[in-house]
Amino acid sequence: MSGGGCSIVWFRRDLRVEDNPALAAGVRAGAVIAVFIWAPEEEGHYQPGRVSRWWLKQSLAHLDSSLRSLGTALVTKRSTDSISSLLEVVKSTGATQLFFNHLYDPISLVRDHRAKEVLTAQGVAVRSYNADLLYEPWEVHDEEGRPFRTFAAFWERCLSMPYDPEAPLLPPKRIISGDVSRCPSDNLIFEDESEKGSNALLARAWSPGWSNADKALTTFINGALIEYSKNRRKADSATTSFLSPHLHFGEVSVRKVFHLVRIKQVLWANEGNRAGEESVNLFLKSIGLREYSRYMSFNHPYSHERPLLGHLKYFPWVVDEGYFKAWRQGRTGYPLVDAGMRELWATGWLHDRIRVVVSSFFVKVLQLPWRWGMKYFWDTLLDADLESDALGWQYISGTLPDGREFDRIDNPQFEGYKFDPNGEYVRRWLPELARLPTDWIHHPWNAPEAVLQAAGVELGSNYPLPIVGIDAAKVRLEEALSQMWQLEAASRAAVENGTEEGLGDSESGPIAFPQDMQVEIDQPPIRTNPTTAVVRRYEDQMVPSMTSSLLRIEDEETSTDLRISEESSRAEVPITMNVTQEPLREEFSQPHMPTVRNNNNPPQFNFPLGRRNSEDSTAESSIGGRRERDGGVVPVWSPSTSNFTDPFVSEDNNGLGSSSSYLQRHPESHQLLNWRRLSQTG
DNA sequence: CTCCTCTTTGA
DNA sequence: CAAAGAGGA
């Protein structure tokens, strides 16, 4: 058969056949070639960690078998450049159309935009869709068309949009396969020998794949959802939805989650079930936070590496790899923090509550650079998700307008009694403290010598003393903050005097990641606690054995770093991105409206003229500034790449330059991104 | 029981 | 900084 006219469906983080708009479009258009391209190098620092790769592997196998039962198979490609691979697939199959679903992380935004340009130039019709969000980021804005700046306002708007999120699509009944005889799959390798042992254990606790995700969803909605509110405080409650890894890989559609939960909501509201209603609202809020993380990433595509509030760049972080290591190993001397870190290391999982505890401790008490912590989460979490994690860490670090105060330190001792009142969680993950009475379990340093002795605890020997005292941390935090404000004021004064461009140029970029990011093998977190009577489903199943597996990744990372740093001082995004820089900038820096547009659809955004004007000048200057400073390493549209004119970053700046968010500056690219409407008319 | 203030908490 | 909750008058 001839491949002419067939279409490519490019799977990424939408590994499902149900409610997959790109797949549905491909099926509608005729013969389909389903493709997955594994190009981790494109992700720069944020290549998936071991557990994340394990998940991906299972999920792809699952997708492949679903596709086979529908009539086609998944073509897999190993690549360092997704777009070249797409072109190869086009060439070898004669495909004339490409369909994919949107992603919103900074790297994908650049890559996907370029994919559209390149493939379109090759005569391939490209369409992309929303499969990951209730509403696209550009659909949600205030009266004046500006993006929201606080979560509450954003979420309120989402819940009161004039139209509902799209209803979920059913899976295709049958897929006609395109001709892939000249397009062989590459064998993708997601784990090496040394990782297999650890990974085998994951399989006993988790079942990746879209139909399993669907089961997990049903189980949760008919089970733990009603108790969600009641249980959310418990550190070790097994009543979270456990959907996050499924959602990360798009195995289940948020829209489906939303619709099903809504049905329960109506039901419980009618029954007058207050607890149920509260639970639903809370759960929906966590869905909302996921939406918001994409929203923020889209509007501020640098949020994974730069604080959204500019003053924080002057904060004198404690650059202490010893602290960092102690935190990773769960040896800070604060039982709740240490228990969390050991659970994370052992299982790749952490209750949301504990994520807040350990990250807040990291930022406020240890005062380590938040990006280090975020990177460690990225490497170890099963549900590692760049947008969500960036949002979480920015929130903790007080760099969101509605985030918590920077100067308020949460005391792990008190949090311990709040989230783990009986110390069960601590005892499970810190066997060395297992015999300590509950009265002292969250502050062993205060325990009488006799108590410690009876419990077999020797502080400083088999369990550490606190590496930083809370009082000392408070003092240091106050000093650091006042220093920060001074520097910030000085910089602002410099700007006003015109003594310098005021671009914050002194800043040489974020503090580099330490070379060694892994937990040492000689300090294996000890497994489960033998004296704990409670046996939970996840306890022994999720604990991987210790291997040296991660050393390999570390090597890779190091070499990547070295390679990139020859080219650039900031190795955030792979150097291949530089290629895109010139053409993109050319196009983007033009203020005129795009020439390519569907005339039936008005532009998504019409900016009030006054704002556009004031914005243009800012945009120009920032483009100038960007050129010399960054070498185009950051996604090129990043508004604050050069001068922090973002609303988050400098409030005074008559606010408007402000509006130089990606979407306001470059409405044309959104036009390109928002193909759904186009596809519906044609 | 209501009102007021103090405390806690929040994405 | 504001809303909600706790505790006291």
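See the structure printed just above.
Everything quoted here is computed from the prediction, not taken from an experiment.

What counts, and at which threshold
- Each chain has its residues counted from 1, running along the sequence as written.
- To read the labels, note that chains go from A and ligands from 1, taken in the order they are written.
- Local features are withheld for residues below a pLDDT of 70 in this predicted model, meaning they are given only at 70 or higher, and side-chain atom pairs are given and counted only at 80 or more; totals for whole chains, interfaces and linings count all residues.
- For the side-chain quantities, the full set of heavy atoms in the structure was used; hydrogens and water were omitted.
- Only runs of H or I of at least four residues qualify as helices and only runs of E of at least two qualify as strands under DSSP, and these elements are numbered from the N terminus.
- For every residue, the accessible area obtained with a 1.4 Å probe (protein chains only) is divided by the maximum for its type, and the residue is called buried under 20%, exposed over 50%, and partly exposed between those limits.
- Contacts between residues were defined by any pair of non-hydrogen atoms, one from each residue, lying within 4.5 Å.
- Residue burial considers only the protein chains on display, and all accessible areas are found by Shrake-Rupley using a 1.4 Å probe.
- Residues are labelled near a given molecule or strand when at least one of their non-hydrogen atoms is within 4 Å of it.
- Think of a polar contact as two N or O atoms within 3.5 Å of one another; within protein, one of them needs to be a possible hydrogen donor and the other a possible acceptor, and neighboring residues in sequence only count if both atoms come from side chains.
- In this classification, Asp, Glu, Lys and Arg are treated as charged, Ala, Val, Leu, Ile, Met, Phe, Trp, Tyr, Cys and Pro as nonpolar, and every other residue, Gly included, as polar.
- Strand pairing is defined by DSSP finding a minimum of two bridges between the two strands.
- Think of a nonpolar core as a cluster: buried Ala, Val, Leu, Ile, Met, Phe, Trp, Tyr and Cys residues, connected wherever their side-chain atoms sit within 4.5 Å.
- The span one expects for a helix is its residue count, reduced by one, times 1.5 Å.

Chemist: Could you give an account of the overall build of chain A, naming the residues involved and the relevant values?
Modeler: In terms of helices and strands, chain A carries 27 helices and five strands. Counting over 682 residues, chain A shows a buried share of 60%. For chain A, the proportion of contacts with a sequence separation of at least 24, taken over those separated by at least 6, is 81%. When the accessible surface of chain A is totalled, it reaches about 26700 Å², and 52% of it is carbon and sulfur.

Chemist: How would you sum up the protein's contact with DNA strand B? Please name residues and give values.
Modeler: The full set of residues close to DNA strand B is F151, K285, L289, D352, R353, V356, G392, Y395, D402, R408 and K418. Among the atoms of DNA strand B close to the protein, meaning within 4 Å, 41% are from sugar or phosphate groups. A distance of 2.7 Å is found between a phosphate oxygen of DNA strand B and a side-chain nitrogen or oxygen belonging to K285. The side chain of R408 places a nitrogen or oxygen atom 2.8 Å from a base nitrogen of DNA strand B. Among the elements that take part in the surface near DNA strand B, helix α14 (residues 352-365) stands out by supplying three residues, more than any other. Looking at the surface near DNA strand B residue by residue, the classes come out as four nonpolar, one polar and six charged.

Chemist: Go over the pairing of strand β4 (residues 97-101) with me, naming the residues and quoting the values.
Modeler: The buried count for β4 comes to four of five residues, which makes it a mostly enclosed element. Judged from the four bridges that link them, strand β1 (residues 7-11) and β4 form a sheet pairing that is parallel. When the bridges of β4 are listed, W10 appears paired with F100. Sheet topology note: the β4/strand β5 (residues 125-129) ladder contains five bridges and is parallel. Paired with L98 across the strands is V126, a residue of β5.

Chemist: I'd love a proper account of the nonpolar core, names of residues and values included.
Modeler: Within the largest apolar cluster, 62 residues are counted, with the highest numbers of intra-cluster contacts made by F315 and W327. Mapped onto this core, the elements with two or more residues apiece are α12 (321-329), α13 (335-347), α14, α15 (370-380), α16 (386-396), α18 (424-429), α20 (449-455) and α21 (470-497). Those residues in contact with W327 that sit more than four places away from it in its chain are T332, V337, M341, V358, F361, F362, L366, G373, Y376, F377 and W393. Membership of the second largest hydrophobic core comes to 36 residues, among which are Y135, A213, I221 and F258.

Chemist: Got a sec to walk through α13? Specific residues and values, please.
Modeler: Here α13 is 13 residues long and its end C-alpha atoms lie 18 Å apart, about the 18 Å a rise of 1.5 Å per residue gives. For α13, the tally of buried residues reaches 13 of 13 residues, placing the bulk of the element in the interior. Just downstream of α13 lies G348, where phi reads positive at about 75°.

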